[in-house]
Each structure stands twice: as C-alpha cells, then as structure tokens.
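Fold and contact review
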Amino acid sequence: MGYCAQFDYFPRGITGWQFIFDSLMLHGMEKAMAVDLTIDALERVQLGDAARRKIAGYSKGMRQKVRLAQAIAHHPRVLVLDEPLNGLDPMARAESIALFQELGRQGMHVVISSHILDEVDRISDRVILITGGYLVAEGNIHQVRQEVHEKPMQVLIRCDHPELLASRMFSINHCVEARLLTDGTGVFLRTGDIDQFYSLLNGIAAEGLVKIEVVAPADDDAKAIYQYLIGSEGSAS
Amino acid sequence: MASVSSFRQEFAQQPWGLWWIQAQRLTRIELRRNLFSWRATWIYALAFIPAVIIFIHLVAETHPAFAMSDDTNVLAGIVQLYYIRLGVFFGCLGIFSRLIRGEMIERSLHFYLLSPVRREVLLLAKFAAGSITAVLLFGSAVVADFALMYAGYGAAGRDYIVNGPGMGQLEGYLAIIVLACLGYGAVFLLLSMMFRNPMPAAMLLLGWEAINPVLPSLLQKFSVASYLRHLMPVKVASEGLFALLTVETEPVSGWAAAVGLLLLIAVVLCYSCYRIRKLEIRYTTE
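Residues numbered from 1 in each chain as written. Chains lettered and ligands numbered in written order. Predicted model: local features only at pLDDT ≥ 70, side-chain atom pairs only at ≥ 80, totals over all residues.

This part is about the overall build of chain B. In terms of regular secondary structure, chain B is built from twelve helices and zero strands. The C-alpha atoms of chain B give 21 Å as radius of gyration, which agrees with the globular expectation for 286 residues (19 Å, within 12%). Along the three orthogonal principal directions, the C-alpha set of chain B runs to about 65 × 45 × 35 Å. Across the 286 residues of chain B, 34% fall into the buried class. Sequence separation of 24 or more characterises 86% of the internal contacts of chain B that already satisfy a separation of 6 or more. (Helix = DSSP H or I, 4+ residues; strand = E, 2+ residues; numbered from the N terminus. Rg over C-alpha atoms; globule rule 2.2 N^0.38 Å. Buried ≥ 20, exposed ≤ 12 C-beta atoms within 10 Å, placed from the backbone. Contact = placed C-beta atoms within 7 Å.)

This is the structure:
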C-alpha cells in the first residue's frame, strides 16, 4: 500500500532522490533494488532531472510529484492519495490527473480523498461520499444520481427551438422545471423520471418539432449529488 | 509455564533481522541530518568553546612542570562543571528534542510514522543517532581539551599521559561524556514527546540537577549528574561557589554508578517506547 499525505512538508534539507531512496531503504530492501526503484519512480513522475536538487527548491507541482513518487516507488497495489490536487496550478493538476489515470490503467487501485469534486468526477470510477464520518452514498456516480429520486434530474438540451420543446414537455405534464439559456440555444429541463424523459424526447425529435443538437445530463456529477445529499456546499471525502 | 513458552516462541518469531536493518538505516539517515546541518553549528560551538580557550592558554602562557596538577584540576572542573552541567546538557537538549518534537514542528514526522517501521524501532534508532552525534561532538571536544591541556608540557606531559594517570583520566572523562549523552539524551527525548515546548521542563531538570547533591539519597538516584559525579577520575575541590555543585554525598562505586545510570536510561527509554506507540500527531495544534 502506498500513501500520499496532504501535508506539503518534507524532512529538512533532503533532495528528491534521498526522499524516495531513504523511504525504500526503510522497507528493508537491498541497496541496488532501492536505487532501481528510485530511478523508476522518478521517471514515472518525470522528475529525473530534478532528483538531485533539494526539495525545498521545488515548485508546488514538483513537490506533489515527488510525494507521489515516494508513495508508488515500492509498487503498491493500493495507492491512497489525500487531497492530491490541492494548491496545484491547472497544468500540474492536469498532469497529476493524467498520472492517476495511468496508474489506474496499470492495475493499481487508486483511492483519492478530495474536496475538489469536479475533478473527482472526471477521474473516478466509483465515489464514496462521506460527511461527518457517515457514509452517505457509494458507487458509480451516475447510478448514485439515479437513486436520488426525490431530486428531479436536470438535463441540458441544445436545440433550435428550446421554448417549443419546453412547452411540449409541460403540455404532456412531464417536466417540473424549465430554464431557457439566455442565448436562446438550449434549455435546462428537470424531470422526475429520466428514462421516460429520454423516451419522450426521442418521440419529439422524431416528430421533427425541434432539431436537437446536444443532450447532456446537467447534475449527475459528484458536486451536485453531494449538494443534494448533504444539502450544502460542504466538503466530501 | 505455557505462557512463558508461548512468549518465547512469539519472541523468536519476531522479524529481528528486518528491525535491525531498519534501525541501522534510520540511524544513518538521522546521523546525516544531525551532523551535516547548519542547525548543528551552535552545538559544535558549545562543544569546542573550552578547546579554543585551552588553546589560547597553550599559546599565551608558559607551562612549568609544577603547574600540571593545577591544569589537571582545571580540566576536571571543565568536564564536571561545564560539560556535564551545561555543554552536554544543552547540547543534548538541542539534539534530542529535535528528533521527535522538531519533526512534529516541521510537519515531517508522518513520513516516518507512515513508513513500514515499528515505532519502537524508530524511536530507538533516533535515540542511537542522537547519542552517536552527541558522543562524537562532545567526546572529540574532550579529547581535544585533554590534548591541548598537556601539549604545552612537552616530554613531562607525554610522560603524564603515557606512564602516569593521564590516559586513565581521559578514559574516565570519555566514559562520563558517553553516559551523560545517553542519560540526558534519553530524558530529553522523552520530554520532547511529553511537552510541546520541552524547554521549561528542561529548565526544571537543570534546577533539579543543581540541587540534587543536597537532596536525600533516594531522590539523588533520579539524577544523571549525581551518577556521573561518582565516576569523575579527578575530584573537583569543593570550595567557594563550586561547593554547591560539587557536594560530596554518600560514596558509590564507579560500577554501581554506571549500572545505576544505565538502568535509569533503560527505564526512560521503555517509557518513551510506550509513549511513541500512543503518539498521535495533530499538526494543526503543533
């Protein structure tokens, strides 16, 4: 198991190489093996060139990478990352997410604890929402959303006549809310039964009443679900 | 009987080899950080200030043979009154309180606590590293003091060291320095785990050590300096202001004093091991 803590602090005066190598040596490995694994870990996070520099001189993104390298250096099967995206600039964030996804593809179980729900959404197969120490939801994010029956789902539809589509939906007494986009290119519709909604939408499209360009769920992401379940903008783990 | 047998079996099954390797590696890592850090500069200064003063004495003054016994007493005074009471005391405070508490303040202790190393191994390795650092610094400083003190006497000085009591005295001083580093080190390591700021407790300990000679003999057993006093190869004259710090108490043999101090260190380390197993870090409150 590998663990990457959220604290952005390191033992004083240590280089990137020493940080990873020392950690591997504490596992009781032979020196040659620890050297090979250190090189491998640094290359995986693309820090090979900076390995001999002191961590104190690293950028925030590099420090995050070296912590990640330390956590994966011994090839764990499970990797736990605590707030791995905190404080990273967009570029470092994108690189980190790409790395997590790559580790996942390589067969590692990557468990991420994060308050940045938008990004959790992008990289997670499964989510566990916890508040106040209690589990409030668990599973695939879309499945979780569908199980929240008391909150109608919101769908964005981009089409040429959004007002017609909205009125049609209300006329068959299906939607509970409609909100037209200010630029007139689409409408947000809320429905209590998403399966029936898509069926009706197909029928409307087949009638040729409106020309539909895009249909996209607008609130089946982790952040929206968290807000529905917890009722606040609060934090999730 | 069965429980003793199962304990033995369990004891033998522990991964002692792995723990030994981990302890060695941790000690090496800590030594590197203790010895080659700018933060250790003041401890180097603390250790070698007497050597500088003795060097000035060597260069600036003549050394007639009859003055050798005076210099021997001065050296004994430096060891007992400076090193034991101040130099080693504050040096060990600096070295050992950094090992655990310092890393909590720098928020880097979790790397060790999360590594696959038993906490007892971590603590004992840190103690070993701190002890080696302190012994290297203060031991070499005492050797330098000793060499400089007798260098001015030429052949008479060499004769005193080789054929006289000189070498035995040096061995005695080094033994005292080693025991002092271990004793104060164990105590400060424990204090640094017990208190967020170990300095007030250290000052209380300094006061305790100062008044210890006039306390009842039972209480004297809970003092590092009282054990060391009995090991001094040259007795420091109890005159004037020094009398308070050099009060002669009930005589104790050197071996008894050394074993007593080692027992005290063992007890403190055992309790420290218990403390570190229960240790929880909350960086936000450090």
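Contacts between the two partners involve 18 residues from chain B and, on the opposite side, 14 residues from chain A. When contributions to the side of chain B that touches chain A are tallied by element, the ones reaching two or more residues are α2 (16-35) and α5 (109-114) of chain B. Here the side of chain B that touches chain A takes seven residues from α2 of chain B, the largest share from any one element. Looking at side-chain class alone, the side of chain B that touches chain A contains nine nonpolar, five polar and four charged residues. (Nonpolar A, V, L, I, M, F, W, Y, C, P; charged D, E, K, R; others polar.)

The terminal C-alpha atoms of α2 of chain B lie 28 Å apart, and with 20 residues this matches the ideal 28 Å at 1.5 Å per residue to within 8%. Burial in α2 of chain B covers these residues: Q22, A23, R25, L26, I29, E30, R33 and N34 of chain B. Buried-residue contacts for α2 of chain B involve α1 (16-26) of chain A together with α4 (68-105) and α6 (119-151) of chain B. (Expected span 1.5 Å × (residues − 1).)

It is worth spelling out the sheet that holds strand β2 (residues 78-82) of chain A at this point. Backbone hydrogen bonds hold the strands of a sheet together, and the pairing may be parallel or antiparallel. All names here are of chain A. Spatial ordering of the open sheet is given by β1-β2-β3, a layout of three strands whose pairing is parallel. Single-partner strands in this sheet number two, and they are β1 (2-4) and β3 (109-113). Taken pair by pair, the neighbouring strands of this sheet meet at an average axis angle of 15 degrees, ignoring direction. Relative to β2, β1 runs parallel, the two sharing three bridges. (Pairing = 2+ DSSP bridges. Axes fitted to C-alpha atoms, helices over the stretch in contact; angles between N-to-C directions.)

With that out of the way, let us pick up the sheet that holds strand β9 (residues 212-217) of chain A. Residues and elements named next belong to chain A. Read across the sheet, four strands follow the order β7-β8-β6-β9 without closing on themselves; strand pairing throughout is antiparallel. Each having just a single partner strand, β7 (177-180) and β9 make up the two edges of the open sheet. Direction aside, neighbouring strands of the sheet carry axes that sit 20 degrees apart on average.

Moving on, we get to the domain arrangement of chain A. Domain parsing of chain A yields domain 1 (2-113) and domain 2 (148-218). With centres defined by C-alpha atoms, the gap from domain 1 of chain A to domain 2 of chain A works out at 46 Å. (Domains from an automatic or database assignment.)

Residue and element names in this part refer to chain A. With five of seven residues buried, strand β6 (residues 153-159) lies mostly within the body of the structure. In terms of strand pairing, β6 meets strand β8 (residues 186-191) through six bridges, oriented antiparallel. Looking across to β8, one finds that M153 is bridged to T191. Relative to β9, β6 runs antiparallel, the two being bridged by five bridges.

All names here are of chain A. The pairing of β7 with β8 spans four bridges and is classified as antiparallel. Across the sheet, residue R179 finds its bridge partner in β8, namely F188. Two successive antiparallel strands, β7 and β8, enclose a turn made up of five residues, where G184 displays a positive phi of approximately 75 degrees.

Turning our eyes to something else, we now look at the packing of α2 of chain B against α6 of chain B. Residue and element names in this part refer to chain B. The contact between α2 and α6 brings their axes to 8 Å, and the two run at 45 degrees. What the angle tells us is that α2 and α6 run oblique. For the element pair α2 and α6, the recorded crossing hand is right-handed. Residues W19, Q22, A23, L26, T27, E30, L31, N34 and L35 of α2 touch α6, and the partners they reach there are V121, L122, L124, A125, K126, A128, A129, G130, I132 and T133. Considered class by class, the residues forming the contact of α2 with α6 number twelve nonpolar, five polar and two charged. (Parallel < 35°, antiparallel > 145°, perpendicular 65-115°, else oblique. Left-handed = near helix turned anticlockwise from the far one by under 90°.)

With that out of the way, let us pick up unusual backbone geometry. Residue and element names in this part refer to chain A. The backbone of H75 shows a phi angle near 55 degrees, a positive value even though the residue is not glycine. Secondary-structure assignment places H75 in the loop between α3 (60-72) and β2. Accessibility expressed as a C-beta count within 10 Å gives 11 for H75, which makes it exposed.

Now for the environment of D8 of chain A. All names here are of chain A. With respect to the element layout, D8 can be found in the loop between β1 and α1. Given 13 C-beta atoms within 10 Å, D8 falls into the partly exposed group. With 78 residues separating them in the primary sequence, D8 and N86 have C-alpha atoms 9.7 Å apart.

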